[in-house]
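Commentary on secondary and tertiary structure
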Amino acid sequence: MKKKTLNILVLHGPNLNLLGERDPSVYGTTTLVEIDRGLKREGARLGARVRAFQRNGEGELIDLLHAQRRWADGLLINAGAYTHYSYALRDAIAAVALPAFEVHLSDIRKREAFRRKSVIRSVCVGCVMGKGPAGYGEALRRLLSRIRP
Ligand code: DQA
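So, here is what we can say about the structure in this document. Keep in mind it's a predicted model, so treat the numbers as computed, not measured. Positions within a chain are numbered from 1, following the residues in the order the chain's sequence is written. With the structure being a predicted model, the display of local features is reserved for residues of pLDDT at least 70 and the display and counting of side-chain atom pairs for 80 or more, all residues being used for whole-chain, interface and lining totals. Computation of side-chain values covers all heavy atoms of the structure but excludes hydrogens and water.

Our next topic: the site of the ligand. We define proximity as follows: a residue is near a molecule or strand when any one of its heavy atoms falls within 4 Å of that partner. Arg 22, Tyr 27, Asn 78, Gly 80, Ala 81, His 84, His 104, Leu 105, Ser 106, Ile 108, Arg 111 and Arg 115 make up every residue found near the ligand. In this structure, an oxygen atom belonging to the ligand sits 3.1 Å away from a main-chain N or O atom of Ala 81. The term polar contact refers here to a pair of N or O atoms within 3.5 Å; inside protein, the definition further demands a hydrogen-donor-capable atom paired with an acceptor-capable atom, and it admits residues adjacent in sequence only when both atoms are side-chain atoms. The side chain of Ser 106 places a nitrogen or oxygen atom 2.6 Å from an oxygen atom of the ligand. All accessibility values rest on the Shrake-Rupley procedure with a 1.4 Å probe; residue burial counts only the protein chains present in the view. When the ligand sits alone it has 320 Å² of accessible area, and the protein chains cover 99% of it. Points on a 1 Å grid over protein atoms alone make up a cavity when a 1.4 Å probe fits among them but cannot get out, and a pocket when they form an open set with protein on both sides within 12 Å along at least five of seven lines; lining residues each have an atom within 4 Å of a point. Put plainly, a molecule is in a cavity or pocket when over half of its atoms are within 2 Å of the grid points there. For the ligand, the cavity whose grid points lie within 2 Å of the majority of its atoms is the largest cavity. The classification used treats Ala, Val, Leu, Ile, Met, Phe, Trp, Tyr, Cys and Pro as nonpolar, Asp, Glu, Lys and Arg as charged, and all other residues, Gly among them, as polar. Each residue belonging to the shell around the ligand can be placed in one class, and the counts come to four nonpolar, five polar and three charged.

Pasting the structure below:
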C-alpha cells in the first residue's frame, strides 16, 4: 500500500535568516534558503511535504504554529535563542501536541552557559545538535520515522 504523504512544518527562529553571514565560524556559510531547499528535497524523497518559515518574533512563531497545526503531522524547530528561555514557545509546542524535533546547528552544550539549557527539550521527541546544516536532514529523517515507523 502507498504510504500517506506526511506534512512537516519547519520553524526557524530569530536571526536564522542571517545564516551564511552570521558568525560563520559557528554557524557555517550555508544560507537558510539552501537549508530549506535541502529539506524540501529530502522530504520529497521520503514522501513528506515540507513548509518552512522563519520568524524573528516569539509571538509570530507561536501564531504560525497555531495556524499550521491542523495541516502539520510533525514539527521541526530551531528556535534559536528562544530555545533557552521561551516558556511561551514551549507551551505552544505542547499545546499543538505534534511530534516535534529540536535542531541546532551548533552544539549548545559546548558553548556559553546560557545556551546549555533548552526549555523546549521536554516537549520534543528528539534533538540533533552540532552537525551544522546536515543536522536538519537527520532530524527530518528521525522525525519521519517516529511518525511513520
Ligand atoms: C542555535 C543556537 C542558539 O543558542 C542560538 O541562539 C541560535 C542558533 C543553533 O542553531 O545552533 O540562534 O539554535
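This part is about the packing of aromatic side chains. Any two rings among Phe, Tyr and Trp, with Trp reduced to its six-membered ring, count as a pair given centres within 6.5 Å; such a pair is stacked if its planes are under 30 degrees apart, edge-to-face if over 60, and tilted if neither. Inspection of every chain in the model, using the stated rule, returns one aromatic pair. Note on Tyr 82 and Tyr 85: the rings are 5.9 Å apart at their centroids and 70° apart in plane angle, and the pair reads as edge-to-face. Residue placement shows Arg 51 over the ring face of Trp 71; its charged tip is 4.0 Å from the ring centre. Remark: a charge is flagged as sitting over a ring if the NZ atom of Lys or the CZ atom of Arg is within 6 Å of the ring centre and within 35 degrees of the ring normal.

Convention adopted: a line fitted to C-alpha atoms gives each axis, helices being fitted over their contacting stretch, and angles between N-to-C directions are expressed from 0 to 180 degrees. A run of H or I in DSSP becomes a helix once it reaches four residues, and a run of E becomes a strand once it reaches two; helices and strands are each numbered from the N terminus. The N-to-C vectors of helix H2 (residues 32-45) and helix H5 (residues 134-147) enclose an angle of 30°; their axes lie 10 Å apart at closest approach. Here H2 lies roughly parallel to H5, going by the angle between them. Handedness of the crossing formed by H2 with H5: right-handed. Contacts between H2 and H5 pair Ile 35, Leu 39, Glu 42, Gly 43 and Arg 45 from the former with Tyr 136, Gly 137, Leu 140 and Arg 141 from the latter. Of the residues that constitute the contact of H2 with H5, the class distribution is four nonpolar, two polar and three charged. The scheme is simple: roughly parallel for angles under 35 degrees, roughly antiparallel for over 145, roughly perpendicular for 65 to 115, oblique for anything else. In a left-handed crossing the near helix is turned counterclockwise from the far helix by less than a right angle, and in a right-handed crossing that turn is clockwise. In this analysis, two residues are considered to be in contact whenever any of their non-hydrogen atoms come within 4.5 Å of each other.

On to the sheet that holds strand E4 (residues 100-104). Within a beta sheet, neighbouring strands are joined by backbone hydrogen bonds and run either parallel or antiparallel to one another. Any two strands with at least two DSSP bridges between them are considered paired. As summarised here, the arrangement of the five strands in space is E2-E1-E3-E4-E5, forming an open sheet in which the pairing is parallel. With partners counted over all chains shown, the strands left at the sheet margins are strand E2 (48-54) and strand E5 (126-129), one partner each. When the angles between neighbouring strand axes are averaged without regard to direction, this sheet yields 20°. Strands strand E1 (6-12), E2 and strand E3 (74-78) of the sheet are contacted by H2, whose axis makes an angle of about 165° with E2.

In this section: H2. Taking 1.5 Å of rise per residue, the 14 residues of H2 would be expected to cover 20 Å, and the 20 Å separating its terminal C-alpha atoms lies within 8% of that figure. The rule is simple: take the accessible area with a 1.4 Å probe, protein chains only, and divide by the maximum for that residue type; under 20% is buried, over 50% is exposed, in between is partly exposed. Along H2, the residues that are buried comprise Leu 32, Ile 35, Asp 36, Leu 39, Glu 42 and Gly 43. Looking down the long axis of H2, one finds its buried residues gathered within 130° of arc, a one-sided arrangement. Along H2, exposed side chains directed more than 90 degrees from the buried face belong to Val 33, Arg 41, Ala 44 and Arg 45. Packing partners of the buried residues in H2 comprise E1, E2, E3 and H5. In the stretch just after H2, Gly 47 is the one whose phi turns positive, near 80°. Here the expected span of a helix is defined as 1.5 Å times the quantity of residues minus one. Comment: arc refers to directions from the helix axis out to C-beta atoms.

Okay, the packing of helix H3 (residues 58-68) against helix H4 (residues 87-96) next. Two quantities define a packed helix pair, namely the angle between the axes and the distance from one axis to the other. At their nearest, the axes of H3 and H4 sit 10 Å apart, and the two run at 0° to each other. When the axis of H3 is compared with that of H4, the two are roughly parallel. Seen from H3, the contacting residues are Glu 58, Leu 61, Ile 62, Leu 65 and His 66; seen from H4, they are Ala 88, Leu 89, Ala 92, Ile 93 and Val 96. Partitioning the contact of H3 with H4 into residue classes produces eight nonpolar, one polar and one charged.

Just geometry here; none of it tells us what the structure is for.
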